[in-house]
Amino acid sequence: MEHSSIQVTNGITNGVSADLPSHASSKHSFEKDNVQCSSLSSDLDSANQQSMVSDGESTNSCAFPELNRMTRLFEGDAVHDLIRRKFLSGLGSLGKHATVVAIHRNTYSDVIGKARTQSFQILTKAVEIKCGGNANVKYAWYGDSRDEICNIMKNGFGSQISNNSGLYGCGIYLSPDDSPLESLMNLKADNDGVRHMLLCRVILGKPEVIHPGSNQSQPSSGEFDSGIDTLSSPKKYIIWSNHMNTHILPEYVVSFRAPCCLKGFFRDREFPRVPTSPWMPFPALFSALSKFLPPHAADLLANCYKDHREKKISRQELIQRVRQIAGDRLLIEVIKSFRNKQVKSTLIASNAVNMKHEESSNSQVG
């Protein structure tokens, strides 16, 4: 029987819960209480007023020499320190072991850059009017390789749509400012082991819930502007292809080195992973996950496994899709539970053998 290779490591088990929020119907809108701007937005506005480097002091960075609009922020700068704290705290216990190497700000100081920021501000105002006073502007993370991030900074989003799995439709997937961990899977390291993430301002407007397996590529109606994976504590913002260069404004690049316990989250595998728990058969894994996932997500997992059995997708692609559909936190909890049951079963079996052996020895002595 084929087994999954999704492993539990000590570095990612803290604070894990198998309880998932229930999914409502496929079309939803936020109540006003749930669409207030992120606190990071106001914090950054305040920090920018204290920033030691002005936009007019743009300097070429050693990390991005080809981007002359990038300004490096240094430790002690209010904006640098705020973003660094937000990023590391979003990694949870793993943040204690990650190292932020550099933070750069896109100054948008050239003619095109200034036009883009002005357009973003005008569009924000328009969406605000459309949505009754709240454009629902958030800060969000987007992860990719260094080359792709440079391309985004130069030319905007485009080919990145084909880089995601399409599980939530055709769009750009970002994660909330307090959940950078959700965007780590697409990262590739430089030759020196450094990875990069974009911190963007995003106009969500009025979002609708998009379920895994959706083929959606635009708002379902003029009422909606973007997508989210769930109403309760969303982990994915979906910006449709027709909005990707109007509703997303990349502002900062965070460059960091990851601890060894984060290696499993990344698309590239520099070192082979040493199993730290028993492998779990795919059917057993899907059966356990179906107790927590909504029916459509469980059906999607079954279809993915069927495609793998029919050799339409590779084993690695199957694992990638399972992680994106179920989420790493739920997978960790399910595999931990499986491991504990395996250990318990082994102990029971071992005790039974020992008791039988003792009974046999006693009967022979008698």
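Before reading on, note that the structure itself is shown above.
Predicted model, so just to flag it, every value in this text is computed and none were measured.

J.: Summarise helix H7 (residues 315-326); cite the residues concerned and give the values.
T.: In this model H7 runs 16 Å from its N-terminal to its C-terminal C-alpha over 12 residues, within 8% of the 16 Å that 1.5 Å per residue would give. The set of residues buried in H7 consists of Leu 318, Ile 319, Val 322, Arg 323, Gln 324, Ile 325 and Ala 326. Residue Gly 327 follows H7 closely and has a positive phi angle near 85°.

J.: I'd like a description of the packing of aromatic side chains, backed by residues and values.
T.: According to the stated counting rule, one finds 7 aromatic pairs in the structure shown. Arranged with centres 5.4 Å apart and planes meeting at 70°, the rings of Phe 286 and Tyr 305 form a pair that is edge-to-face. Within this pair, whereas Phe 286 is found in helix H5 (residues 282-289), its partner Tyr 305 is found in helix H6 (residues 295-309), the two being separated by 19 residues in sequence. Across the pair, exposure class does not vary: Phe 286 and Tyr 305 are buried alike. Each residue in the set Phe 87, Trp 141 and Phe 256 is aromatic and connected to the rest through ring pairs, giving one cluster.

J.: Break down the pattern of salt bridges for me, citing the residues and quoting the values.
T.: Two side chains of opposite charge can pair, provided their charged atoms sit close to one another. In the structure shown here, the tally under the stated rule is 8 salt bridges. Note that Asp 177 is salt-bridged to Lys 86, the shortest N-O span being 3.2 Å. Of this pair, Asp 177 sits in the loop between strand S4 (171-176) and strand S5 (194-203) while Lys 86 sits in helix H2 (residues 78-90); the two residues are 91 residues apart in sequence, bridging distant segments of the chain. Overall, Asp 177 belongs to the buried group, its relative accessible area being 7%. Here Lys 130 ties to Asp 225 by a salt bridge, and the two come within 3.1 Å at their closest N and O atoms. One end of the pair, Lys 130, is in helix H3 (residues 111-130); the other, Asp 225, is in the loop between strand S6 (207-209) and strand S7 (226-228), with 95 residues separating them in the sequence. Residue classification places Lys 130 among the partly exposed positions, given a relative accessible area of 43%. Among the charged side chains, a network of salt bridges with common partners joins Lys 306, Glu 310 and Lys 312.

J.: Which residues make up the packing of H6 against H7, and what are the values?
T.: Two elements in contact, H6 and H7, have axes separated by 9 Å at closest approach and are oriented at 175°. On the basis of their axis angle, the class for H6 and H7 is roughly antiparallel. Contacts from Ala 297, Leu 300, Leu 301, Cys 304, Tyr 305 and His 308 of H6 reach H7 at Arg 315, Leu 318, Arg 321, Val 322 and Ile 325. Class assignment of the residues belonging to the contact of H6 with H7 gives a composition of 8 nonpolar, 1 polar and 2 charged.

So, how was this worked out
- Within every chain, residues take consecutive numbers counted from 1 along the sequence as written.
- For this predicted model, a pLDDT threshold of at least 70 governs which residues receive local features, and a threshold of 80 or more governs which side-chain atom pairs are given and counted, while totals over whole chains, interfaces and linings are taken from all residues.
- The side-chain values count all of the structure's non-hydrogen atoms but skip hydrogen atoms and water molecules.
- Note on conventions: DSSP H or I runs of at least 4 residues are helices, E runs of at least 2 residues are strands, and numbering of each starts at the N terminus.
- Given a helix with a known number of residues, its expected span is that number minus one, times 1.5 Å.
- Think of it in three bands: residues with accessible area under 20% of the maximum for their type are buried, residues over 50% are exposed, and the middle band is partly exposed, with areas taken using a 1.4 Å probe on protein chains only.
- Think of it this way: a Phe, Tyr or Trp ring, Trp meaning its six-membered ring, pairs with another when their centres are within 6.5 Å, and the plane angle makes it stacked under 30 degrees, edge-to-face over 60, tilted otherwise.
- Whenever Lys or Arg places a side-chain nitrogen within 4 Å of a carboxyl oxygen from Asp or Glu, that contact is recorded as a salt bridge.
- Interaxial angle, 0 to 180 degrees, is taken between N-to-C directions of lines fitted to C-alpha atoms, where a helix line uses only the stretch in contact.
- With respect to orientation, any angle under 35 degrees is reported as roughly parallel, any angle over 145 as roughly antiparallel, any angle of 65 to 115 as roughly perpendicular, and every other angle as oblique.
- In what follows, residue pairs with any heavy atoms lying within 4.5 Å of each other are defined as contacts.
- Polar here means any residue outside two lists: the nonpolar Ala, Val, Leu, Ile, Met, Phe, Trp, Tyr, Cys and Pro, and the charged Asp, Glu, Lys and Arg; Gly therefore counts as polar.

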